[in-house]
Amino acid sequence: MGLFTKNGDKSPDIIYTQEFRLANGARYLGYTERSEALSPEKENDLQRSENVQNDPDVPKNYKGYLGYTDRKAATKMEKDLEDQEKGDYPTFTQGAYELSEKQHKELIKNLKEAQKNKSLLWAGVISFSPEFIEKSGLMYDDGTVNQKGIKTAVMAAMPDYLKAEGLNSPETFWWGDIHLNTNHVHVHLAISQKKNTRPLKNGQPKGMFHTKSIRKLKSAIHHQLANEKSRVREIALEKSLDYHKSVMVNMAQRIINQDQHTQQLLLNLQETLPKYKDKRRWRASNHSVDFKESRDLAFDLVDSLLKHQLFSSYQFYQESSKELDSASRESYGQHIKDTVQPRDEELRNRLVNLLFRDLATAERKGKLYRKDRLAIMEKQGIDLNRKIMDDEVKLLNELDAKSSEAKKLRIRLGLRRYYLKLANLDNRIADLQERIDGLKQLDDQTKLTPFINFFQEQQLMAKLEKIPKKQLSTSDKAILNRLRAKYQDVQQLPIKLANPENIAIRKAQLAQEEQLLKEYPNDPGKEFIIEPDTKVSEQYQTQQMILDLKQRIHQNNQLPKEERQKTNGPLFQRLKRLYKYKENPHDHKAQQMIKKYQRKQRKQTRQHRSPLMSHSVIGSFTKLLAAGKTNHAKARRAMHERLDRDDDLEREDELERREELRH
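As a starting point, this report considers the structure included with it. (Residues numbered from 1 in each chain as written. Predicted model: local features only at pLDDT ≥ 70, side-chain atom pairs only at ≥ 80, totals over all residues. Heavy atoms only, no water.)

### A word on the overall build of the chain
Counting secondary structure elements, the chain contains 22 helices and seven strands. Burial analysis of the chain (663 residues in total) assigns 43% to the buried set. Once local pairs closer than 6 in sequence are excluded, the contacts in the chain between residues at least 24 apart make up 72%. For the chain, the computed accessible surface area is about 38,100 Å², with 50% contributed by carbon and sulfur atoms. (Helix = DSSP H or I, 4+ residues; strand = E, 2+ residues; numbered from the N terminus. Buried < 20%, exposed > 50% of the residue type's maximum accessible area, 1.4 Å probe, protein only. Contact = heavy atoms within 4.5 Å. Areas by Shrake-Rupley, 256 points an atom, 1.4 Å probe, with all protein chains shown as cover.)

Here it is as structure tokens:
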């Protein structure tokens, strides 16, 4: 075989070939230590072995692969070692540049024990191109080689090499010898074990090493030997990669915190995350089925960032990665594995994990990104959110209720309803403040000042309703419940709370307000209390009717299911009709319901009178007589007019009863 020489830019600086065989005592040790030249036939036994692992980064027909031939000298003792570093043999091992006689005997003893236990021996050759030796400064001016530098590099690389192959054991031992001639330098490296610790394959210890381990060995030795001048390009590229990676990570963090579109995507991602107790499982390396959707969304988000906001830095990162691969091939060979894709995957994994860490931090702090999403909804406004919510409700009805899409949609709807609730409460507080300010400005001109207190209490109720339940104190909850009983919108009152006690409190408040407005029908303060052209009686009686219906439904809920459904069905229909009336006072059917309710109220009033004459009529007649302000004829006319009105009401009730029977 010829000398190992560089062959253009595609030739590597360093190659490594290794074989494994059964340990054969001191014979191979003597072979590596010899100072006389051996015949080519003997030296090429390594190439002929079927257990040879050729350098994975070098073509099979590479000339001068092992470089055994054409040398005039093999090993030489070093002249540049300190006295304490010198030994009796040129062989080196971990921590010893030259072996002493004692160390040499120990090595022979270990080899014999390995042979006895049929352990394997791995025999390798590390070959350097003359060009690399020269540019790395390993060749002195007098033509001698810095053996100490080479041995130091091998010693530094061996622990990781052995560990990668599971040979970091007290049973493992190794040695090396540098073979020299004028143009060529190579290291014979041998590894064995006194007792085998390697996994067995077909009853025999595993012989082959991983290609990745061999590459790391070459890389570690190359980095150790190459001086800074020879590595200036590689160092610059490595710094460029680190810099642009750092830039992208920092930019991604700012984008996550500031960019609204990215925050929206994060919200969508958050809704898919499995509810793991240990949030560390939110990782790019988690390939479980329940995490697939979240993982895919996270990688899609990172892909979007790299294509847009991080594009410039990402381009520089990719170019530096490609150039570093090119430099590595110049050092180790053209068959070296492409590292552009692994680096890209590592970058993407890091950015994905950044997203998951941010989400985990947000959840630990209780934010859950609700604030960000609510900010987006606030910019959309109430009307647009209502329209979106209507569309989402329609879409939800078309989806499979158990699907992940339906689940995400329900979460969005819930948050949208929460936003609308907050927005409506804010509007309510502002509206009440305008009414309060208007009444205060009238000062003594209005008699409706009690409404100032009513409105202030309603403001307090709205402010308390904005606070999440978990954050309310016990006293706050008590105040809120009291205010709701007095002021809660009758349509929003839940059926389960429509018990007689709550209904009585709410009706009493409505009656008080109605009485004030009736008592001062022309008061200027009315414009801050009810809408123009609003009929006070109808407005308040409609609310009274809704409360009565809800109380009846609440009571009927105690009935058996079938009877409850039959009884409450018509009541719910009436409720819907009254709700519509509040929006459209011109609804004819609702007007009929209100008139019917008014007649019923009058009828209930009459039931308290005696069969012949009510106490109120008699009382009025008695007062007229006692006052002496009228004659008996006038008193009789007043009594008859009252009775005639009662007769009219009786006739109206009879007509209504007949109308119901016809339907």
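Following the structure, the description resumes.
### Structural notes on the nonpolar core
Grouped together as the largest cluster of nonpolar side chains are 36 residues, with contacts concentrated most on Ile126, Phe128, Ile150, Met158, Trp174, Ile191 and Ile221. Where this core is concerned, the elements lending two or more residues are strand E1 (14-22), strand E3 (120-128), helix H5 (130-135), helix H6 (147-164), strand E4 (172-180), strand E5 (185-193) and helix H7 (211-225). In terms of residue count, the dominant contributor to this core is H6 (eight residues). If you look at the next biggest cluster of nonpolar residues, it comprises 34 residues, including Leu432, Met461, Leu493 and Val536. (Core = buried A, V, L, I, M, F, W, Y, C linked by side-chain atoms within 4.5 Å.)

### Focus on a positive patch on the surface
The grouping of Lys421, Lys469, Lys477 and Lys496 at the surface amounts to a positive patch. Within the fold, Lys477 resides in helix H16 (residues 474-487). (Patch = residues over 30% accessible without salt bridge, like charges linked within 9 Å, V, L, I, M, F, W, Y side chains within 5 Å. Salt bridge = Lys/Arg side-chain N within 4 Å of Asp/Glu carboxyl O. Lys, Arg positive; Asp, Glu negative; His and termini not counted. Charge placed at Lys NZ, Arg CZ, Asp CG, Glu CD.)

### Brief notes about the packing of aromatic side chains
When we look at a pair of aromatic rings, we describe it by the centre distance and by the angle of the planes. Scanning the entire structure with this criterion turns up ten aromatic pairs. Of the aromatic side chains, those joined through ring pairs into one cluster are Tyr16, Trp122, Tyr161 and Phe209. For the cation-ring pair, Lys148 lies above Tyr97, with the distance from its terminal atom to the ring centre recorded as 5.5 Å. Here the basic side chain of Arg281 rests over the ring of Tyr276, its NZ or CZ set 3.8 Å away from the ring centre. (Phe/Tyr/Trp six-rings, centres within 6.5 Å; stacked < 30°, edge-to-face > 60°. Lys NZ or Arg CZ within 6 Å of the ring centre and 35° of its normal.)

### Here we look at the pattern of salt bridges
Here the structure, examined in full by the defined rule, presents 19 salt bridges. Here Lys245 makes a salt bridge to Glu346, at a shortest N to O gap of 3.1 Å. Here Lys245 is found in helix H8 (residues 232-258), whereas its partner Glu346 is found in helix H12 (residues 340-364), with 101 residues between them in sequence. Under the relative-accessibility criterion, Glu346 is labelled partly exposed at 35%. Here Lys307 and Asp303 are joined by a salt bridge, their closest N and O atoms 3.1 Å apart. Taken together, the residues span about one helical turn, with Lys307 and Asp303 both in helix H10 (residues 292-307) at a distance of four residues. Shared partners join several salt bridges into a network, and the residues in it are Asp303, Lys307, Asp344 and Arg348.

### Focus on the environment of Ile429
Among the structural elements, Ile429 can be located in helix H14 (residues 404-442). Along the backbone, Ile429 and Gln459 are 30 residues apart, and their C-alpha atoms lie at a distance of 5.4 Å. In contact with Ile429, other than residues within four places in its own chain, are Gln459, Ala462, Lys463 and Lys466.

### Section: the pairing of E5
In terms of burial, E5 is a largely internal element, nine of the nine residues being buried. Side chains Val185, Val187, Leu189, Ile191 and Gln193 of E5 all project onto a buried face; the interleaved residues His186, His188, Ala190 and Ser192 project onto the opposite face, where all are buried too. Bridge count between E3 and E5: eight bridges; the pairing is antiparallel. Bridged to Gly124 within E5 is Leu189. Pairing geometry for E4 and E5, over nine bridges, is antiparallel. (Pairing = 2+ DSSP bridges.)

### Regarding the environment of Thr17
Along the chain, Thr17 turns up in strand E1. Assessed through its relative accessible area of 3%, Thr17 is described here as buried. Measuring from C-alpha to C-alpha, the distance between Thr17 and Ile214 comes to 8.8 Å, with 197 residues separating the pair along the chain.

### Observations regarding the pairing of E1
Counting buried residues along E1, eight of its nine residues qualify, which places the element largely inside the surrounding structure. With nine bridges joining them, E1 and E3 adopt antiparallel strand pairing. Counterpart to Ile14 in the pairing with E3 is Phe128.

### Some remarks on unusual backbone geometry
Its identity is not glycine, yet Lys118 carries a phi of approximately 55°, on the positive side. Tracing the sequence through the fold places Lys118 in the loop between helix H4 (101-116) and E3. Even without being a glycine, Asp443 presents a positive backbone phi close to 55°. Turning to its location among the elements, Asp443 is positioned in the loop between H14 and helix H15 (450-466). By relative accessible area, Asp443 is classed as partly exposed at 48%.

### Some words on H14
Taking 1.5 Å as the rise per residue, H14 with 39 residues should run 57 Å; its terminal C-alpha atoms sit 58 Å apart, in good agreement. For H14, the N-terminal cap is Ser403; the gap from its side-chain oxygen to the backbone nitrogen of Ala406 is 3.2 Å. Immediately downstream of H14, the backbone of Asp443 shows phi near 55°, a positive value. (Expected span 1.5 Å × (residues − 1). Polar contact = N/O pair within 3.5 Å; in protein donor to acceptor, adjacent residues only side chain to side chain.)

### As for the packing of helix H9 (residues 260-272) against H14
Between two packed helices, the angle of one axis relative to the other and the distance separating the axes together describe the packing. Where H9 meets H14, the closest approach of the two axes is 9 Å, and the angle between their N-to-C directions is 120°. With respect to H14, the axis of H9 lies oblique. In the packing of H9 onto H14, the handedness of the crossing is right-handed. Taking contact as the criterion, the partners of Asn268, Glu271 and Thr272 in H9 are, on H14, Lys407, Lys408, Ile411 and Arg412. When its residues are assigned to classes, the contact of H9 with H14 shows one nonpolar, two polar and four charged. (Axes fitted to C-alpha atoms, helices over the stretch in contact; angles between N-to-C directions. Parallel < 35°, antiparallel > 145°, perpendicular 65-115°, else oblique. Left-handed = near helix turned anticlockwise from the far one by under 90°. Nonpolar A, V, L, I, M, F, W, Y, C, P; charged D, E, K, R; others polar.)

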